[in-house]
Structure formats: structure tokens, C-alpha cells
Amino acid sequence: MKALVLAGGSGSRLRPLSNFMPKQLVPVANKPVLEYVLENIRSLGITDIGMVVGDREPEIRRAIGDGSRFGAAITYLRQDRPYGLAHCVTLARRFLGDDDFAMFLGDNLLPDGVDRIASEFRRERPAAHVVVHRVDDPRDFGVVELDARGRVRKLVEKPRRPRSDLALIGVYFFTPAVHRAVASIGPSPRGELEITDAIQWMLSHGSEIGCSEYHGYWKDTGRAEDLLEANRRILGDLRGGMEGSADKASVLRGQVRVGPGARVVRSLVEGPAVIGAGALVEDSRIGPFTAVGVNSRLHTVDLAEAIVLDDTTLEGLARARGALFGPFAVMTADLPLPAAVSRPAAKGV
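Here we summarise the structure given alongside this text. Treat the numbers as computed from the prediction; the structure is a model and nothing was measured. (Residues numbered from 1 in each chain as written. Predicted model: local features only at pLDDT ≥ 70, side-chain atom pairs only at ≥ 80, totals over all residues. Heavy atoms only, no water.)

## Here's the deal with the packing of aromatic side chains
Any two aromatic rings considered together are summarised by their centre-to-centre distance and by the angle between their planes. What the rule picks out here adds up to four aromatic pairs. Between the aromatic rings of Phe-121 and Phe-173, the centroid separation amounts to 5.5 Å while the plane-to-plane angle is 25°, which identifies the pairing as stacked. Residue Phe-121 is found in helix H5 (residues 115–124), and its partner Phe-173 is found in strand E11 (residues 166–174); the two are separated by 52 residues along the sequence. The buried category is assigned to Phe-121, whose relative accessible area is 0%. Judged by centre distance (6.0 Å) and plane angle (10°), the rings of Tyr-172 and Phe-174 are stacked. For the pair Tyr-172 and Phe-174, a shared accessibility class is recorded, and that class is buried. Through a chain of ring-to-ring contacts, the aromatic side chains of Phe-101, Tyr-172 and Phe-174 assemble into a single cluster. The ring of Phe-95 is capped by Lys-2, whose NZ or CZ atom sits 4.9 Å from the centre of that ring. (Phe/Tyr/Trp six-rings, centres within 6.5 Å; stacked < 30°, edge-to-face > 60°. Helix = DSSP H or I, 4+ residues; strand = E, 2+ residues; numbered from the N terminus. Buried < 20%, exposed > 50% of the residue type's maximum accessible area, 1.4 Å probe, protein only. Lys NZ or Arg CZ within 6 Å of the ring centre and 35° of its normal.)

## A look at the layout of surface pockets
The computed volume of the second largest pocket comes to approximately 750 Å³. Surrounding the second largest pocket, 35 residues form its lining, Pro-27, Asn-30, Lys-31, Pro-32 and Asp-310 being those nearest its centre. Listing elements by their share of the lining of the second largest pocket, those giving two or more residues are strand E3 (31–32), helix H1 (33–43), helix H2 (57–64), helix H8 (224–235), strand E17 (256–258) and strand E20 (273–275). Here the lining of the second largest pocket takes four residues from H2, the largest share from any one element. For the lining of the second largest pocket, the residue count by class is 22 nonpolar, three polar and 10 charged. (1 Å grid on protein atoms, 1.4 Å probe; cavity = no way out; pocket = protein on both sides within 12 Å on 5 of 7 lines; lining within 4 Å. Points joined across faces, edges and corners; volume = space filled by probe spheres on them. Nonpolar A, V, L, I, M, F, W, Y, C, P; charged D, E, K, R; others polar.)

## A word on H8
The end-to-end C-alpha separation of H8 is 16 Å, in line with the 16 Å expected for 12 residues at 1.5 Å each. Looking at H8, one finds that the buried residues are Ala-224, Asp-226, Leu-227, Leu-228, Ala-230, Asn-231, Ile-234 and Leu-235. (Expected span 1.5 Å × (residues − 1).)

## Regarding H1
Burial analysis of H1 places eight of its 11 residues in the buried class, the great majority of the element. Residues Val-33, Leu-34, Glu-35, Tyr-36, Val-37, Leu-38, Asn-40 and Ile-41 constitute the buried set of H1. Looking one or two residues beyond H1, the residue adopting positive phi is Gly-45, at roughly 85°.

## A look at the nonpolar core
It is characteristic of soluble globular proteins that their nonpolar side chains tend to be buried jointly. With 54 residues, the main nonpolar core has Met-51, Ile-60, Ile-64, Val-114 and Phe-173 as its most contacted residues. Top element by residues in this core is H1. It accounts for six residues. Here Phe-173 is in contact with Met-1, Leu-44, Phe-101, Ala-102, Val-114, Ile-117, Ala-118, Phe-121, Ala-127, Ala-128, His-129 and Val-131, once residues within four sequence places are set aside. Within the second largest apolar cluster, 36 residues are counted, among which are Ala-128, Val-178, Ile-185 and Ile-209. (Core = buried A, V, L, I, M, F, W, Y, C linked by side-chain atoms within 4.5 Å. Contact = heavy atoms within 4.5 Å.)

## Re the sheet that holds strand E23 (residues 290–292)
One open sheet accounts for six strands, arranged E14-E17-E20-E23-E25-E27; its pairing is parallel. Looking at strand neighbours, the two that pair on one side only are strand E14 (241–242) and strand E27 (324–325), the edges of this open sheet. Pairing between E14 and E17: two bridges, direction parallel. Its bridge partner lying in E17, Gly-241 is registered against Arg-257. Sheet strands touched by H8: E20, E23, strand E25 (307–308) and E27. Its angle to E23, the strand with the most contacts, is close to 95°. (Pairing = 2+ DSSP bridges. Axes fitted to C-alpha atoms, helices over the stretch in contact; angles between N-to-C directions.)

## Focus on the side chain of Lys-219
Along the chain, the position of Lys-219 falls in strand E13 (residues 219–220). In this structure the side chain of Lys-219 is engaged in a polar contact, spanning 3.2 Å, whose partner is the side chain of Glu-229. Other than its neighbours up to four places away in sequence, Lys-219 contacts Asp-107, Asn-108, Leu-109, Asp-226, Glu-229 and Ala-230. (Polar contact = N/O pair within 3.5 Å; in protein donor to acceptor, adjacent residues only side chain to side chain.)

## Examining the pattern of salt bridges
A side chain with one charge can pair with a side chain of the opposite charge if their charged atoms come near. For the structure on display, the rule yields 33 salt bridges. The partner of Glu-124 in a salt bridge is Arg-123, and the shortest N-O contact between them spans 3.9 Å. Look at Glu-124 and you get partly exposed, because its relative accessible area is 43%. Between Glu-157 and Arg-190 there is a salt bridge, with the nearest N and O atoms lying 4.0 Å from each other. Here Glu-157 is found in strand E10 (residues 152–157), whereas its partner Arg-190 is found in the loop between helix H6 (177–184) and helix H7 (195–204), with 33 residues between them in sequence. Beyond isolated ion pairs, a larger network of salt bridges with shared partners links Glu-157, Lys-158, Arg-190, Glu-192 and Glu-194. (Salt bridge = Lys/Arg side-chain N within 4 Å of Asp/Glu carboxyl O.)

## Comments concerning the environment of Gly-322
By the secondary structure assignment, Gly-322 is in the loop between strand E26 (313–321) and E27. It is 33 Å that separates the C-alpha atoms of Gly-322 and Tyr-172, two residues lying 150 residues apart in sequence.

## Some words on unusual backbone geometry
With an omega of 5°, the peptide bond running from Gly-271 to Pro-272 counts as cis. Relative to the helices and strands, Pro-272 is located in the loop between strand E19 (268–270) and E20. Look at Lys-158: it is not a glycine, yet its phi comes out positive at around 45°. A positive phi angle is found at Asp-311, which is not glycine, with a value near 60°. As for its position among the elements, Asp-311 is in the loop between E25 and E26.

Laid out in C-alpha cells, this is it:
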């Protein structure tokens, strides 16, 4: 089995942050979301991965490389503009060949993995197997309707009046039968080739479609508030460790991980929290569920439930809660910050 990762989206919901970095590389607990996706794939025993990328290909290549550090081989597949998920399958046709494959969205976080669902697909091998999760408002998702026996009856992309709360969550398993389907559908009203339409085409033409409900934690990290929630969830499982240093005037409470070369000086750090490699935290209070990025500089700040991206400098911030800072921001004001603020690179606030 191969894997196909879709990492070409523009991240419009994350602007202005996504103007400065691909949305798939925004970190959660100091690790890019895309790396969590690759770890999910490797846990399935898959080593041959195709990655669909767009204009941010150079940045993603620099961050991820050829896949060797994940124990895999990555083939990059360029998509000039987003034409839909089914178009990504068409684009990857030569890479995929006649192999079964798993398809993952590159900005969806599933820390509990899908190993059980993959085993179910391998055992039963339907033409396609979808992964769903119950959501409060399915209107922003592809929705799966089941019949009385729990079999897939219908798939609808972003329905105005959903008849089910089972949303597709960005993980799919396919046999080569999907290639005929994506070649047979036309663009949706959005002008895209929808993977839900391709699966519906298979269903309408007599193919078996499997469906499994994912019961673990799942988050589409397309918005700043989603990233902050995911950061809290991942840090909740953090195990502390000291690879840097903390002076005698500092106090570290709970699960705190201090990366190589990082320094904590005259500061209180309450876990769960992670301080990235080479960072400096000085005369500050870092509250729970905070991730401080690599080579960042924090002086006289009071943060909690926050994400500070790499190479960011913060000074003189009082009681900043639930905020996202960076990348490369330099902030020196003492301002009250609303929840889930995304700051572009800027000097002087």
C-alpha cells in the first residue's frame, strides 16, 4: 500500500499567518502538523508516500526533505492550483500505479492514529473506505449517510441541510477502482473535482464502500483557534525533560520540556509546556499549555495557553492568554490580547 498526502492548500482561513508559512507547517506542541500526518502513515507500515504540493513546495521540501528521517521515501507531486481532492488522485495516477493507497489531508490532526481502520480496509478491501467523526455542524464537511444496517447509502459535499452528523475527516483508503471514478465525474458547483462525488459514483455503480467511525481526538487545524485547541490537547500528554538549562532563580512545575540549548532565567514555567531549542525565557511567567518555538526570545512576558512560533521576540506583555504569535514577530508592547490572535511579522506594536 502507498500513501498520498495532500499539502497544497493555501490556508486562507489562517491568514495572515499563512502568508508567511504553509499551513501544514504551523506547529502544534512545537512540531509541524504535517509531521504528525507522516507519523500516522508510518504507523501503518507505509513507506512509499506521494505528497501533492502547490506554490509552497520549496518550503515544504526544506522542512520535510526526502522522507528518510521518517523511514520513508517521499515523491513530490506539483499541483498548479487547487482543483479538488479528486484531482489530486488524478495528478498522482502514475505514482500510485495499481496499488491500494491511503489518502490523508496534510492539515488534519489525528494523534490516536487510524491503525485499526487501516487493518479493516486491508482485511475486507472494499473499493473505498471512508473515515468519519460525529460533528455538531456538518455543513462545512463532506457528510456520509448510512442505511438502517449501517452501510454507506449516500455521500454529500457540504450539504445545506445535512441528514447525518457523520463528517469525513480527511482520511480515505482506496483500491485502484477509484481511478475510473475520478475520470468519470465533472466539476462540482465550486469548480472542483470532489472526492465525495467520486466515491458516490463508485457507490452508484455497485461498488462496496466501507465506513468506520473514528472515536479519538481529531482536529482540522485550518484556523488559529483550532491550532490552539490542538496545542492544548497534545501538550496534555507531554512528558517533561531537561536538555537545556534553568537557573536557580527559576521554578519549573509539572511536565515541562526544555529543548537543547534553551535557557530559562529568573522565570516560572508551569507545565505542560515546551520550550524549543535555543530559546530564551527571561524574567517571565509561562503558564500551562504553552509552546515556545525554536530560537525565540521572551523577556518580561506572562503567557498561557499560547503558541509562540520560531524566531519570535516578545517583551513586556502582560497576561496574554490563548494567543498565537509569529512567525518572526517582534512585539514590545504591553497590550491586552484577544483569544486566538494571529500576528504577522511586524516590528513595533
